[in-house]
Amino acid sequence: MRYNFNDIEKKWQDYWAKNQTFKAENHSDKPKYYVLDMFPYPSGAGLHVGHPLGYIASDIYARYKRHKGFNVLHPQGYDSFGLPAEQYAIQTGQHPRITTEENIKTYRRQLDQIGFSFDWSREVRTSDPNYYKWTQWIFIQLFESWYNYDSNKAESIDALIEKFNAEGNTNVNAACDDDVETFTAEAWKAYSDVEKQEILLKYRLTYLAETEVNWCPALGTVLANDEIVNGVSERGGHPVIRKKMTQWSMRISAYAERLLQGLETIDWTDALKDIQKNWIGKSVGASVSFNVIANHEGRSGKQSATSENLVIDVFTTRPDTIFGVSFMTLAPEHELVSQITTPEQKAEVEAYVEATAKRSERDRMADVKTISGVFTGAYAEHPFTKEPIPIWIGDYVLASYGTGAVMSVPCGDQRDYDFAKHFGIPIPNIFEGVDISEEAFSDKEKTIITNSDFLNGMTYKKATKRAIYELEQIGQGEGKTNYRLRDAVFSRQRYWGEPFPVYYVNGMPQMIDVEHLPLTLPEVEKYLPTETGEPPLGNATKWAWDTASNTVVDNDNIDHKTVFPLELNTMPGWAGSSQYFNRYMDPHNDEEIFSQEAINYWEQVDLYIGGSEHATGHLLYSRFWQKFMFDKGLVPVDEFAKKLINQGMILGTSAFTYAIIFNAIIPSNHKDCGSEDKYLNFIDPLPNLFITAGKIEKSLKLDFTELISIEAYPHKEIYNYVKEKLNSHDEVDIDLSNIYFGVQPIHADVSFVNASNELDTDAFTNWQSHFNDSEFIFEEDGTFKVKREAEKMSKSKYNVVNPDEICEQYGADSLRLYEMFLGPLEQYKPWNTAGITGVHGFLKKLWKLYVGQDGLIVNDTEPTKDNLKTLHKTIKKVEEDIENFSFNTSVSTFMIAVNELTAQKCTSKEILEPLLVLISPYAPHIAEELWEKLGHSESISTAPFPKFEEKYLVESSKEYPISFNGKMRFTMDLPLDLSKDEIEAAVMANDKTKAQLDGRTPKKVIVVPGKIVNIVG
């Protein structure tokens, strides 16, 4: 009977769906276990074989836990709001909802065919109004809350209002905007309603503020830092600039310390924790205020500040170096730049600010080589010496970090040092016995301060304390703990996102009452921003809120009495993914986000598997929302995921061809040249010329900017090719010695490449129009070979492998086993389709262990000692591997076990039945089929995990080497419990011993129980 894997897998996938085999209950006598994957964005491309890696691992563990007697919650859903669907809508006019639903159908089909044990009854989609109703609800809870540092938790905004009414804000210790002014209870009561709302916005956990954002003009939206790669948008590669916009923000900075401390309580990888710690960026130091000098005669002439009493606040971790300050540097975006810049410097400063706006913060942070800046013409006053300090702007200072200003101490900071050297700014030395002629000195532990007035002779620690004390005495500073973590911008200028439940009265935001949620997306004619630059929701004709009827009405009805404009921005992608794990616990609850009964039963995710690239986005924001919900008494724990594993990546094997790019030196006397010799691309238009990988010299740099002389290159085919082309262009008068070329790697679709790495050049030239006229320099045997290289699997690299094809050809069980067999879960590993034949062959061998030509061959035969030993060492190893997430070694163990049992001709049900349970989490379809053939009517998923028994691994006998005068002559199998005398007697009675001795009496018999017997003499 043949192993028909396609039929078997379809049969059991249908069975699981029909019987809801993996449906979890919110009430159970079993212990609970919650296994979660980071849910996917359903892209139009569907899954490739790299996507299921984490899902397979989590599925193995979920199935294992069911076998171990747990009530397992293993849900799945879709992060279904996203920019790709919106971009497709802009291009085609098709509603993003339709695109998303079509993509979800593809994802669901692909996920089902791989055999995941998801509880699909709990599916959520972030774009479903029934789901985002609760995202909007959480937004309202945040709006109605403030952070009280005294209680170290979020509290109701009503409690803050009571404080204001009773005593003003003098004694309020809250997370709030920096520009909050103090007021009395009487002043508060005298404020107008709008003034009170403006003040409260400075305290709310979600608030409106003018913020520096990453603006992508081409996409018409704000982008998060993780949506920008190398200064351009990840989606489409469009330029991104920094600009100020009024945005909704989340006051995540209030939770900075708790987010740090919480990392010590969860079992996440050290690498991921370090990423979050660095992002939060806790620093201990001092806040220092520098007064801007008005009307100072500096080196650029008279300073002209628009206002006196301007102050620049900086945060420094090294207040001990304050006497080493020789200049100040502001971020180009700093709000004071335009106010303090002198007329003489205005044009240069404005040009620099404009240029900096085109660079992302990430690029500026990473670029440590470029030194650039502009002097503002303004000066600040040193707090102690009262000397003037020139104020510069430089893009190495970020507006979003600290105060956007630094006191520059070039003798103690390398970037300040390089900046000062570059612009000729003085570098005073304040470190005793240190040479700073070549570089800055930053070893604070070895610091002894000098040239610093009252700090002279002090160590770093003593000088720090004294400097802070003196700053406090003159009212120009204080000790402070600072965090790099900035509040999270929560607005996007997109259509396809959660609408804010917000309307505006007198320009102030008002929340829609919870009972009227969800506020659903309106229909629009165009998905682009409006002609006046408003977000796409500005195109909606019906997008105003009627407070009389509590419904959405036409914009024409706005009267600012009962009908008001609604918010035009939508929420970012991370909004819906910040609480989905809790919603899975009670996804169909229309009355509340989840019942307390459900949340108290499941509590938190026990195992979370997903990519480390989400460390500073989803994972950080989710922890923030969880802690807020904990403060509000909505959840029982303040960390949502107890254990987190970052799966590695399956790499595609790309195929590279190499395009030759020619350049020629055109002599200055040539009719096509100017006054000097210069490089020009020649013979235009020249067909694409590709060189085979075998003719690429190892020393050749694969970068067309590195030009090589055509005469010096050893493969003369290129020389001959150019010579032929030149001869056919009489009007081109160029000497071959003046021709150079570069090489540019070009991805080829891997489907054009055979197992011998030979490219189908006809398929390649017909592939895309710009390759239609390509020419090739072949190997001597007439083939054109590509170079193979492991890279991230991606459509853009044409190296994607579709799991549909793998499942069709080898089966889902083969795919699951192979992905685990490739290597440790956390590591990156290359995909090689040829390798899957090995695990597929293993499954066929497993089938034959149970099924012969005429049907089932398993029987009630008593297992042998070897059978039991194989089974129980397999149980032991597989259980250890699963608990340690070492799934790759489990697959090896299965192969060994099946080989041993086949060699033992095992047919015992007592052995082969528990073996199926061991294999079931990895290859569930074949396990279910064989389980049914063994006579079971229930799914194998309900079977208990086999118990390991040590006794079957304990050896009862020992194969002794029997030696004569130190040379081993034969072996004897003897019971391990024999005494020395009994071992000696048995050996001496053996016929082989008698033959070796040939009648002689040995001088000595050496017996080491459990090891050797040596007969001497």
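Model, not experiment: these values are computed from the prediction.

Rules of the game
Residues numbered from 1 in each chain as written. Predicted model: local features only at pLDDT ≥ 70, side-chain atom pairs only at ≥ 80, totals over all residues. Heavy atoms only, no water. Patch = residues over 30% accessible without salt bridge, like charges linked within 9 Å, V, L, I, M, F, W, Y side chains within 5 Å. Areas by Shrake-Rupley, 256 points an atom, 1.4 Å probe, with all protein chains shown as cover. Salt bridge = Lys/Arg side-chain N within 4 Å of Asp/Glu carboxyl O. Helix = DSSP H or I, 4+ residues; strand = E, 2+ residues; numbered from the N terminus. Axes fitted to C-alpha atoms, helices over the stretch in contact; angles between N-to-C directions. Parallel < 35°, antiparallel > 145°, perpendicular 65-115°, else oblique. Left-handed = near helix turned anticlockwise from the far one by under 90°. Contact = heavy atoms within 4.5 Å. Nonpolar A, V, L, I, M, F, W, Y, C, P; charged D, E, K, R; others polar. Phe/Tyr/Trp six-rings, centres within 6.5 Å; stacked < 30°, edge-to-face > 60°. Buried < 20%, exposed > 50% of the residue type's maximum accessible area, 1.4 Å probe, protein only. Arc of directions from axis to C-beta. Polar contact = N/O pair within 3.5 Å; in protein donor to acceptor, adjacent residues only side chain to side chain. Pairing = 2+ DSSP bridges. pLDDT = per-residue confidence, 0-100.

1. Some words on a nonpolar patch on the surface
A cluster of nonpolar side chains, Ile1006, Val1008 and Ile1012, forms an exposed patch at the surface whose accessible area comes to about 200 Å². When you line up the elements, Ile1006 lands in strand 39 (residues 1004-1008).

2. Notes on the packing of helix 26 (residues 909-919) against helix 27 (residues 924-933)
With their axes 9 Å apart at the nearest point, helix 26 and helix 27 run at an angle of 155° to one another. With respect to helix 27, the axis of helix 26 lies roughly antiparallel. For helix 26 against helix 27, the interelement crossing comes out left-handed. Each of Glu913, Leu916 and Val917 in helix 26 lies in contact with helix 27, whose residues at this interface are Ala927, Leu930 and Trp931. Residues that form the contact of helix 26 with helix 27 fall into these classes: five nonpolar, no polar and one charged.

3. Some details on the packing of aromatic side chains
The way to describe two aromatic rings as a pair is by their centre distance and the angle between their planes. Evaluated as defined, the whole model comprises 74 aromatic pairs. Here Phe81 and Tyr132 contribute two aromatic rings whose centre-to-centre distance is 5.7 Å and whose plane-to-plane angle is 40°, an arrangement assigned as tilted. Of this pair, Phe81 sits in the loop between strand 2 (71-73) and helix 3 (83-92) while Tyr132 sits in helix 5 (residues 129-143), and the two are 51 residues apart along the sequence. By relative accessible area, Phe81 is classed as buried at 5%.

4. Re helix 6 (residues 157-167)
Looking at helix 6, one finds that the buried residues are Ile157, Leu160 and Phe164. Considered in projection along helix 6, the buried side chains sweep an arc of 55° and stay on one side of the axis. Of the exposed residues in helix 6, those oriented more than 90 degrees away from the buried face are Glu162 and Ala166. Packed against the buried residues of helix 6 are strand 3 (145-148), strand 4 (153-156), helix 7 (185-190) and helix 8 (193-201). One side-chain oxygen at the N-terminal end of helix 6 lies 3.1 Å from the backbone nitrogen of Asp158; it belongs to Ser156.

5. Here we look at the pairing of strand 10 (residues 282-292)
The buried count for strand 10 comes to eight of 11 residues, which makes it a mostly enclosed element. In this structure, strand 10 lies alongside strand 18 (residues 477-483), joined through seven bridges in antiparallel fashion. Its bridge partner lying in strand 18, Ser287 is registered against Glu478. For strand 10 and strand 13 (residues 311-316), the ladder comprises six bridges, and the chain directions are antiparallel. From the neighbouring strand, Ser289 faces strand 13, where its bridge partner is Asp313. Where strand 10 meets strand 15 (residues 374-381), two bridges bridge the pair, whose relative direction is antiparallel. Bridged to Asn291 within strand 15 is Glu381.

6. Here's the deal with the packing of helix 2 (residues 52-67) against helix 22 (residues 812-821)
The contact between helix 2 and helix 22 brings their axes to 10 Å, and the two run at 100°. Compared by their axis directions, helix 2 and helix 22 come out roughly perpendicular. Contact residues: helix 2 offers Pro52, Leu53, Ile56, Ala57, Asp59, Ile60 and Arg63, while helix 22 offers Leu815, Arg816, Glu819 and Met820. Of the residues in the contact of helix 2 with helix 22, the class split is seven nonpolar, no polar and four charged.

7. Some remarks on the sheet that holds strand 40 (residues 1012-1016)
On the basis of which strands lie adjacent, the open sheet formed by four strands has the order 38-37-40-39 and mixed pairing. The open sheet has two edge strands with one neighbour each: strand 38 (967-975) and strand 39. The mean angle between the axes of side-by-side strands here comes to 20°, regardless of whether they run parallel or antiparallel. Note: strand 39 against strand 40, five bridges, orientation antiparallel. Bridge pairing links Val1008 to Ile1012 in strand 40.

8. Notes on the confidence of the model for the protein chain
As a note on interpretation, predicted positions should not be read in detail where pLDDT is low. Put simply, the protein chain has an average pLDDT of 91, and 94% of its residues get 70 or more. Confidence over residues 299-307 falls short of pLDDT 50; this stretch has 27 contacts with residues more than four positions distant or in other chains. Confidence drops under a pLDDT of 50 for residues 668-680, and excluding neighbours within four residues, the segment shows 26 contacts in the predicted structure.

9. A word on the pattern of salt bridges
Applying the stated rule across the entire model yields 35 salt bridges. Put simply, Glu264 and Lys277 hold a salt bridge, and the shortest N to O gap is 3.4 Å. With Glu264 in the loop between helix 9 (256-262) and helix 10 (270-280) and Lys277 in helix 10, the pair connects residues that are 13 residues apart, well separated along the chain. Classification of Lys277 as partly exposed rests on a relative accessible area of 31%. One network of salt bridges, with partners in common, ties together Lys11, Glu929, Glu932 and Lys933.

10. A word on the side chain of Ser941
With respect to the secondary-structure elements, Ser941 resides in the loop between helix 27 and strand 37 (957-964). A distance of 2.9 Å separates polar atoms of two side chains, one belonging to Ser941 and the other to Ser939. In contact with Ser941, other than residues within four places in its own chain, are Thr21, Phe22, Arg66, His67 and Glu928.

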